Amino acid sequence: MRISHSRRALAVATATALALTALGSVAGNAADEPESTPVPIVTPDGALFSYVVNTERAGARDTRLAVKAVTRAEGVVVQAWPQIGVVVAHSANGSFREDVLAADRAGVVESVGATRTVSPTEGTPGADQAEGAKKSKTVVGQAKKDTTGWTVDEPAGTTAVPDPGEATQWDMEMIKADEAIEINPGSPDVVVGVLDSGIDATHPDLASQVDADQSVNCADGGRPDMSATGWLPTTSDHGTHVAGTIAAAQNGVGIVGVAPGVTMASVKVVNDDGFIYPEYAVCGFIWAGMHHMDVTNNSYYVDPFMYWCEDQPDQAAAKEAVRRAVDFSTKRGVVHAAAAGNAATDLANNTTDASSPNDSTAVNRVINSGCEDIPAELDGVVTVSSLTQAEELSPFSNRGLGKIDVSAPGSAILSTELDGTWDLKSGTSMASPHVAGVLALMKSAHPRWSPAQLEAAVRTQADDHECTTTTRGPACVGGLEENSFYGDGIADALDAVTLG
């Protein structure tokens, strides 16, 4: 997003604060804004929970010192990321937050926060014999996410005739991808990281498109799992559908993606229960940065909060960890596209949330401007709303003046499915990969462009669209050049390969 928000997580100065005492408004919130409703994450002794521990400064020294504090506080280190000063830890110690601060003899810890409201179903990766892991074996949470919120409207099993499926791809015509790939289908040197539920690399439209060596599973507690099959889909077809829109092969079979000449990496950030927790997203973004990928697609919001609030200690710490990971990958040359969400909400004027936390019991809560949908509302991310075939805002799509960057087709999109089939899905999850594909084409045509240049160009090149009406949610505001429905306009793949 081009609107800059306060990204600094609330520094937790005392054990009382870390015990989830409701705090006052933080810097970045207007003085007259209410505090967000506290959502305490209760961590009883003996129940395993996942945490992020953020250091004041990135680097090996401070991260090592934070690791020592985690160990003294009866925690098990799952993954340390000295690149951004983040340690992912598990602990069955109910006072782990406070104890980390007390054990931080060097004063390097900035904040500590639980990343979910239930015990991690995966246990503690690589530490089954650790005391904290042993204590947790009988108290693992049983929550399962309703993943229907990722996509909307379309019935399952609408299998399309595989050849020539591209004749039905109205979405490619809308963004002029059918014309663009005749000029430049994308370079195989350009890599798009698909942060999602895995890609079915046996699909005839995807088998030649995925680089297994750059693929990874981040859903094992947030630790990179580089096994040969870890990044493949297990319980969800979502990532496979997204991947087809980005780069399905131009091979005479099925459909054609926006950028069929580029390479994709499967970066699995969704666990088998359907959740994308902060530590998974952190792993995904850092992996993309370490491997110098060019683009990531993010068709999700980070669970379990639809909006992560900076005046709540746990949420603030987790949000800060994700923000650092996004910044790290951006500095390493990665530009990011993200789905705006499917709640028909005006992100610029939203004050309530009734859907969080979604891994236990949701509460009705007041939110403020320090509460954001991540990664969509983080800096360095191109946020995408969804359109129908009639170029109208999809009724389910989130919107917001200054929040939406560009728009793209997202209703009834034909793409790849599991078991070698093709299917229709709807959602901003389907809109975002169109833009990821456009960014990949742009990077192919301009390999020296930075993420900031790509982000600016995809907005500048978007086709202006005036406000339209909608059957659901707040009305459109703004003018032709920028408004709450379309942002700067409809993404244009042809301009991406023809304009300098």
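To be clear, the structure that these remarks concern was listed above.
From a predicted model like this one, the values you see are computed outputs, not experimental measurements. (Residues numbered from 1 in each chain as written. Predicted model: local features only at pLDDT ≥ 70, side-chain atom pairs only at ≥ 80, totals over all residues. Heavy atoms only, no water.)

Pairing in this open sheet of eight strands is mixed, and the strands run β7-β6-β8-β5-β9-β11-β15-β16 from one edge to the other. Both edges of this open sheet fall to β7 (223-225) and β16 (406-409), since each of them pairs with a single strand only. The sheet shows a mean angle of 30 degrees between the axes of neighbouring strands, direction not considered. Sheet topology places strand β6 (residues 216-220) next to β7; two bridges connect them, and they run antiparallel. By the bridge assignment for β7, D220 is matched with R223. (Pairing = 2+ DSSP bridges. Helix = DSSP H or I, 4+ residues; strand = E, 2+ residues; numbered from the N terminus. Axes fitted to C-alpha atoms, helices over the stretch in contact; angles between N-to-C directions.)

The next subject is the environment of I183. Relative to the helices and strands, I183 resides in helix α6 (residues 177-183). Between the alpha carbons of I183 and T498 there is a distance of 8.2 Å; along the sequence they are 315 residues apart. If near-sequence neighbours (up to four positions away) are discounted, I183 is found in contact with L494, V497 and T498. (Contact = heavy atoms within 4.5 Å.)

Here the amide bond leading from S356 into P357 is cis, since omega sits at -5 degrees, within 30 degrees of zero. Among the structural elements, P357 can be located in the loop between β12 (352-356) and β13 (363-366). Here the amide bond leading from I374 into P375 is cis, since omega sits at 10 degrees, within 30 degrees of zero. Following the sequence through the fold, P375 ends up in the loop between β14 (371-372) and β15 (381-387). Phi is positive for A344, close to 55 degrees, though the residue is something other than glycine. The topology assignment puts A344 in the loop between β11 (335-339) and β12.

A few words on the state of the cysteines. Taken as a whole, this structure holds three disulfides when the rule is applied. The residue that forms a disulfide with C218 is C283, at a sulfur-sulfur distance of 2.1 Å. Residues C218 and C283 are joined by a disulfide whose S-S torsion is about -65 degrees; by sign, that bridge is left-handed. Highlighted residues: C218 in strand β6 and C283 in helix α8 (residues 278-290), separated in sequence by 65 residues. Across the disulfide from C467 sits C476; the S-S distance is 2.1 Å. What sets the handedness of the C467 and C476 disulfide is the S-S torsion sign, and at about -65 degrees it is left-handed. According to the relative accessible area criterion, C467 is partly exposed, its value standing at 27%. Exposure remark for C476: the relative accessible area of 15% places this residue in the buried category. By sequence-ordered numbering of the bonded cysteines, the chain has its disulfides arranged as 1-2, 3-4, 5-6. (Disulfide = S-S within 2.5 Å. Buried < 20%, exposed > 50% of the residue type's maximum accessible area, 1.4 Å probe, protein only.)

Moving on: the packing of aromatic side chains. Geometry of an aromatic ring pair is reported as the spacing of the ring centres plus the angle between the planes. Summed over all chains, the structure comprises four aromatic pairs. Pairing Y277 with Y280 gives two aromatic rings, centres 5.8 Å apart and planes at 75 degrees, and the pair type is edge-to-face. Accessibility assignment for this pair places Y277 and Y280 in one class, buried. Ring geometry for F305 and W308: centres 5.0 Å apart, planes at 75 degrees, overall edge-to-face. Exposure remark for F305: the relative accessible area of 1% places this residue in the buried category. Aromatic rings pair up to connect F275, Y277 and Y280 into one cluster. (Phe/Tyr/Trp six-rings, centres within 6.5 Å; stacked < 30°, edge-to-face > 60°.)

The N-to-C vectors of helix α7 (residues 238-247) and helix α10 (residues 428-445) enclose an angle of 40 degrees; their axes lie 8 Å apart at closest approach. Considering the relative orientation of α7 and α10, their crossing is right-handed. Taken together, the residues of α10 that come into contact with α7 (itself represented by H238, H241, V242, T245 and I246) are S429, M430, P433, H434, A436 and G437. Class assignment for the residues of the contact of α7 with α10 results in five nonpolar, six polar and no charged. (Left-handed = near helix turned anticlockwise from the far one by under 90°. Nonpolar A, V, L, I, M, F, W, Y, C, P; charged D, E, K, R; others polar.)

This paragraph deals with the layout of surface pockets. Empty space left among the atoms is revealed by rolling a probe the size of a water molecule over them. By volume, the largest pocket amounts to about 400 Å³. Along the walls of the largest pocket sit 20 residues, with K145, G149, W150, Y301 and M306 positioned nearest its centre. Each residue belonging to the lining of the largest pocket can be placed in one class, and the counts come to seven nonpolar, ten polar and three charged. By volume, the second largest pocket amounts to about 220 Å³. Along the walls of the second largest pocket sit 16 residues, with L347, A348, N350, N368 and S369 positioned nearest its centre. Classifying every residue of the lining of the second largest pocket by side-chain character gives six nonpolar, six polar and four charged. (1 Å grid on protein atoms, 1.4 Å probe; cavity = no way out; pocket = protein on both sides within 12 Å on 5 of 7 lines; lining within 4 Å. Points joined across faces, edges and corners; volume = space filled by probe spheres on them.)

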